[in-house]
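Understanding the architecture of this molecule
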Amino acid sequence: MTSNNTPLDLDAIEARANAAEDGWTVLISEADPHRFEIHGDGPTHVAVFGGNPDDAFASYPVRENAVFAAHAREDVPALLAEVRRLRDELAGQRPDILREVADICDEAGANYTAKAFNDHATGAYELMERFQRKANEAEYLATPCDFVACEPGGEPCSTHERLMAHAEGEHELCAPDCGLAPAALPSV
Ligand SMILES: [Zn+2]
Ligand SMILES: [Zn+2]
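Before going further, it helps to spend a moment on unusual backbone geometry. Phi at alanine 116 takes a positive value of approximately 65 degrees, unusual for a residue other than glycine. Along the chain, alanine 116 turns up in the loop between α3 (62-114) and α4 (118-142).

Okay, the packing of α4 against helix α5 (residues 158-167) next. One way to put it is that α4 packs onto α5 with a least axis distance of 10 Å and a crossing angle of 180 degrees. Taken together, α4 and α5 sit at an angle that is classed as roughly antiparallel. Contacts between α4 and α5 involve Asn136, Glu139 and Tyr140 from the former and His160, Leu163, Met164, His166 and Ala167 from the latter. Within the contact of α4 with α5, the residues separate by chemical class into four nonpolar, three polar and one charged.

Time to look at the coordination of the zinc ion (ligand 1). Reference geometry at the metal: tetrahedral coordination by four donors gives ideal angles of 109.5 degrees; octahedral coordination by six donors gives 90 or 180 degrees. With distances of 2.0 to 2.3 Å, the protein atoms coordinating the zinc ion (ligand 1) are Cys145 (SG), Cys150 (SG), Cys157 (SG) and His160 (ND1). In this structure, the zinc ion (ligand 1) is surrounded by four donor atoms whose angles at the metal cover 100 to 115 degrees, and the resulting shape is tetrahedral. Going along the chain, you hit the donors of the zinc ion (ligand 1) in the pattern C-x4-C-x6-C-x2-H. One end of the pair, cysteine 145, is in the loop between α4 and α5; the other, histidine 160, is in helix α5, and 15 residues separate them in sequence.

Considering the arrangement of structural elements, one finds histidine 39 in strand β2 (residues 35-39). At 2.6 Å, the side chain of histidine 39 and the side chain of glutamate 37 are in polar contact. Each residue touching histidine 39, except ones within four places of it in the same chain, is listed here: Gly23, Trp24, Thr25, Leu27, His45 and Val46.

What follows concerns a positive patch on the surface. A cluster of basic residues, Arg94, Arg130, Arg133 and Lys134, forms a positive patch on the protein surface. Tallying contributions element by element places α4 first for the positive patch, with three residues.

Conventions used here
Residues numbered from 1 in each chain as written. Chains lettered and ligands numbered in written order. Predicted model: local features only at pLDDT ≥ 70, side-chain atom pairs only at ≥ 80, totals over all residues. Heavy atoms only, no water. Helix = DSSP H or I, 4+ residues; strand = E, 2+ residues; numbered from the N terminus. Axes fitted to C-alpha atoms, helices over the stretch in contact; angles between N-to-C directions. Parallel < 35°, antiparallel > 145°, perpendicular 65-115°, else oblique. Contact = heavy atoms within 4.5 Å. Nonpolar A, V, L, I, M, F, W, Y, C, P; charged D, E, K, R; others polar. Donors = N, O, S within 2.8 Å, 3.2 Å for Na, K, Ca; no water. Tetrahedral: all angles 85-135°; square planar, octahedral: opposite > 155°, others 65-115°. Polar contact = N/O pair within 3.5 Å; in protein donor to acceptor, adjacent residues only side chain to side chain. Patch = residues over 30% accessible without salt bridge, like charges linked within 9 Å, V, L, I, M, F, W, Y side chains within 5 Å. Areas by Shrake-Rupley, 256 points an atom, 1.4 Å probe, with all protein chains shown as cover. Salt bridge = Lys/Arg side-chain N within 4 Å of Asp/Glu carboxyl O. Lys, Arg positive; Asp, Glu negative; His and termini not counted. Charge placed at Lys NZ, Arg CZ, Asp CG, Glu CD.

Structure follows, in structure tokens:
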């Protein structure tokens, strides 16, 4: 058993699954009802469970063991796809959650300011900025690249260039509704 503290290496699990033969099914031999063979797409069987008709086998779920192993061929890739889907979904929600927390810190700052608790207000606004930075980082990571992807260690794609500029307070590349558009020019 792997410990709960060890992060799952999904790529390693996927590589093991992809390397194995496809199409596993359990075949039961009429000659030997205690023997369960798992067959794949290839010419020879993948595994044998049980074997000799022995009373010892009667107390073990030999057939269930074989069925479990055979289903792993489809279940493991299906579980991998679901874990990846849920991780993406969670990563996509993170920026919104962090922005919500930043907004609450902003409210706290306004409340402290109204009561002239200026040190408290400063603390609340510092927290707000930290959560805003974390939200920007989370959005950067969760957003897929443009058609022309980021160069590893080089030029960012146009999507990530825009997100980086936005995080640094420059909104020329942002949509008008990014929420942090520059203040209106002073009227002359
Ligand atoms: Zn990119
Ligand atoms: Zn912006």
